[in-house]
Amino acid sequence: MREPRRAAGLASEKICRRGTASRSSFLLLLSALLYFWPSASVSALVIEDYRPCFHAYQESGGTLRVAWRQFQENGTPHFLVMDPVRVETEKVPRRDIERKSPAGSHRWEGTPFAGALARYSAPPHPLQNAGIRRAEGPAREYFLTVDLCPSRTPLDRGFFRKIAGFAAESGTAVPVGVAASGLWIKNHPEDFRWLVDLGRAPAGGLRITWINHSYSHPFDPSAPVERNFLLRPGVDLSFEVLEAEKILLQHGLVPAPYFRFPGLVSDRLRVESLREWLLLPVGAGAWMGKGETAKPGDIILVHGNGNEPRGVRELYRLLDRLRSEGGRAAVFLPLAAAITGQTAP
Ligand SMILES: [Zn+2]
């Protein structure tokens, strides 16, 4: 495992500036209101010096952790930390891990996430649909992912309500991987806040895993596929990847170690770059908008940005069928379970 390289140019990115002590009491009051507002989706956090890193260490009980991003949050050093066995991530202040014992790289290499990362970044490198597409082991469940590519249409709130309603029937939240592009988040602030709140509400019905879908999601309808999406000449891959994560962190969300390529289009160079940044490409076993039928174990792809009604209709059909068969929310599992095989919610 090579140590992930640091992305160049981050220090020069334009960033928000922190408030100063000279600001008026009104602004202080406003800051306090934003901080304590029930919706933490208000963009209130300043994320600076954001870059990849690799530091394996162990918790006091011996469990392995890997710090894979480092950054300043409102001026305080933080890491994004991964549990590579359960494939879960969290945000941790640097002071909390400074005294932890380092762990050998052999422990990292033996984890489910490192194994999946190695397998899904190895040849062949298909132009379309690279990465994990279905559960690694036998599975009766499905893995639902929803893409939010830049769009002029509003969020399909009815779609998310339908999923939440499906969950309500059993009282168990439905795990959903939301692949959000940075531009979609920026251009749909109300929809984004609504979705974040739905995922956080105790009875909201959704348990969201936030997947990186690039910042700008480049696309040229007239360009051939091999020179389109992130393969377009001049695209700054490190910016596209890291800026999208920063936006999630600015909103108080924690990015998962997954990346969905825009258009599901990639090549060896991009996949290997993602590997160095510890991001697992997530393809699709069933892109429902293209009429692909989902089989148990598949990672399902639908669009929740209002741009692909056919996929949404197909998913509704699947929900109806699962309901008629007696299935409930437990028929969907979080993406991590596709790697670890652990089905417990
Ligand atoms: Zn997309």
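Quick notes on the rules
- Chains are numbered independently. Their residues run from 1 in the order of the written sequence.
- Local features are withheld for residues below a pLDDT of 70 in this predicted model, meaning they are given only at 70 or higher, and side-chain atom pairs are given and counted only at 80 or more; totals for whole chains, interfaces and linings count all residues.
- Water and hydrogen atoms were dropped before computing side-chain values, which therefore reflect all heavy atoms in the structure.
- Here, nonpolar core means buried Ala, Val, Leu, Ile, Met, Phe, Trp, Tyr and Cys residues that are tied together by side-chain atoms lying within 4.5 Å of each other.
- Throughout this description, buried means an accessible area under 20% of the type-specific maximum (1.4 Å probe, protein chains only), exposed means over 50%, and partly exposed covers the range between.
- Only DSSP runs of H or I covering at least 4 residues are called helices, and only runs of E covering at least 2 are called strands; the numbering of each starts at the N terminus.
- We call two residues contacting when some pair of their heavy atoms lies within 4.5 Å.
- Each metal site is built from N, O and S donor atoms within 2.8 Å (3.2 Å for Na, K and Ca), and since water is not included, such sites may look incomplete.
- On a range of 0 to 100, pLDDT expresses the predictor's confidence in each residue.
- Each aromatic pair joins two rings of Phe, Tyr and Trp (for Trp, the six-membered one) with centres within 6.5 Å, and gets the label stacked for planes under 30 degrees apart, edge-to-face for over 60, and tilted for any other angle.
- The span you would expect from a helix comes to 1.5 Å times its residue count less one.
- Only the contacting stretch of a helix is used when fitting its axis, a line to C-alpha atoms as for every element, and angles between N-to-C directions run 0 to 180 degrees.
- Oblique is the label for any angle not covered by the other classes, which are roughly parallel (under 35 degrees), roughly antiparallel (over 145) and roughly perpendicular (65 to 115).
- Residues are grouped as follows: Ala, Val, Leu, Ile, Met, Phe, Trp, Tyr, Cys and Pro are nonpolar; Asp, Glu, Lys and Arg are charged; all remaining types, including Gly, are polar.
- A carboxyl oxygen of Asp or Glu within 4 Å of a side-chain nitrogen of Lys or Arg is what we treat as a salt bridge.

1. Topic: the nonpolar core
One recurring pattern in soluble globular proteins: nonpolar side chains tend to sit buried together.
Reasoning step 1: If you look at the biggest cluster of nonpolar residues, it comprises 45 residues, and the most contacted ones within it are W108 and Y258.
Reasoning step 2: Among the elements that make up this core, the one with the highest residue count is helix α10 (residues 335–340) (five residues).
Reasoning step 3: In contact with Y258, other than residues within four places in its own chain, are V87, T209, I211, N212, L279, L280, V282, L335, A336 and I339.
Reasoning step 4: Membership of the second largest hydrophobic core comes to 40 residues, among which are I163, I185, W210 and M288.

2. Structural notes on the coordination of the zinc ion
Ideal coordination angles are 109.5 degrees for a metal with four donors arranged tetrahedrally and 90 or 180 degrees for a metal with six donors arranged octahedrally.
Reasoning step 1: Around the zinc ion, the protein contributes the donor atoms C149 (SG), H213 (NE2) and H217 (NE2), which lie 2.0 to 2.3 Å from the metal centre.
Reasoning step 2: Counting gaps between the donor residues of the zinc ion yields the pattern C-x63-H-x3-H. Note that C149 is positioned in the loop between β6 (143–148) and α4 (157–168) and H213 in the loop between β8 (206–212) and α7 (237–250), a separation of 64 residues in sequence.
Reasoning step 3: Here C149 falls in the buried class, since its relative accessible area comes to 10%.

3. Things to note about the confidence of the model for the chain
Reasoning step 1: Counting all residues, the mean pLDDT for the chain is 87, and 85% of those residues have values of 70 or more.
Reasoning step 2: Of the regions scoring below 50 in pLDDT, residues 1–41 engages in 49 contacts with residues more than four places distant in sequence or in other chains.

4. Focus on the packing of aromatic side chains
To describe a pair of aromatic rings, you give the distance between the ring centres and the angle between the ring planes.
Reasoning step 1: For the structure shown, the criterion picks out twelve aromatic pairs.
Reasoning step 2: Measuring from centroid to centroid gives 6.3 Å for W108 and F113, while their planes differ by 55 degrees, and the two rings are tilted.
Reasoning step 3: Measuring from ring centre to ring centre gives 6.3 Å for Y142 and F332, while their planes differ by 50 degrees; the resulting arrangement is tilted. With Y142 in the loop between α3 (112–120) and β6 and F332 in the loop between α9 (309–324) and α10, this pair connects stretches of sequence that are 190 residues apart.
Reasoning step 4: Here F332 falls in the buried class, since its relative accessible area comes to 3%.
Reasoning step 5: Connected via pairs of aromatic rings, a cluster forms that spans F54, W108 and F113.

5. Describing helix α6 (residues 189–200)
Reasoning step 1: A rise of 1.5 Å per residue sets the reference length of α6, with its twelve residues, at 16 Å; its end C-alpha atoms lie 16 Å apart and thus fit the reference within 8%.
Reasoning step 2: Along α6, the residues that are buried comprise D191, F192, W194, L195, V196 and L198.
Reasoning step 3: Looking at the buried side of α6, the elements it contacts are β6, α4, β7 (174–180), α5 (182–187), β8 and α7.

6. Here we look at the packing of α4 against α9
Reasoning step 1: At a minimum axis separation of 11 Å, α4 and α9 run at an interaxial angle of 10 degrees. In terms of orientation, α4 lies roughly parallel with respect to α9. Counting all contacts with α4, which are made through G158, F159, K162, I163 and F166, the residues of α9 involved are V312, L315, Y316, L319, L322 and R323.
Reasoning step 2: Grouping the amino acids of the contact of α4 with α9 by side-chain chemistry returns eight nonpolar, one polar and two charged.

7. Quick notes on the pattern of salt bridges
Where charged atoms from two side chains of opposite charge come close, those side chains can pair.
Reasoning step 1: By the definition in use, this model includes 21 salt bridges.
Reasoning step 2: The shortest N-O distance in the salt bridge between R193 and E190 comes to 3.1 Å. Of this pair, R193 and E190 are both found in helix α6, three residues apart, which corresponds to roughly one turn of the helix.
Reasoning step 3: Judged by its relative accessible area of 52%, E190 falls in the exposed class.
Reasoning step 4: Residues K295 and D298 are paired through a salt bridge, measuring 3.4 Å at the closest nitrogen-oxygen approach.
Reasoning step 5: Judged by its relative accessible area of 2%, D298 is buried.
Reasoning step 6: What you see here is one network of salt bridges that share partners, running through E59, R65, D83 and K100.

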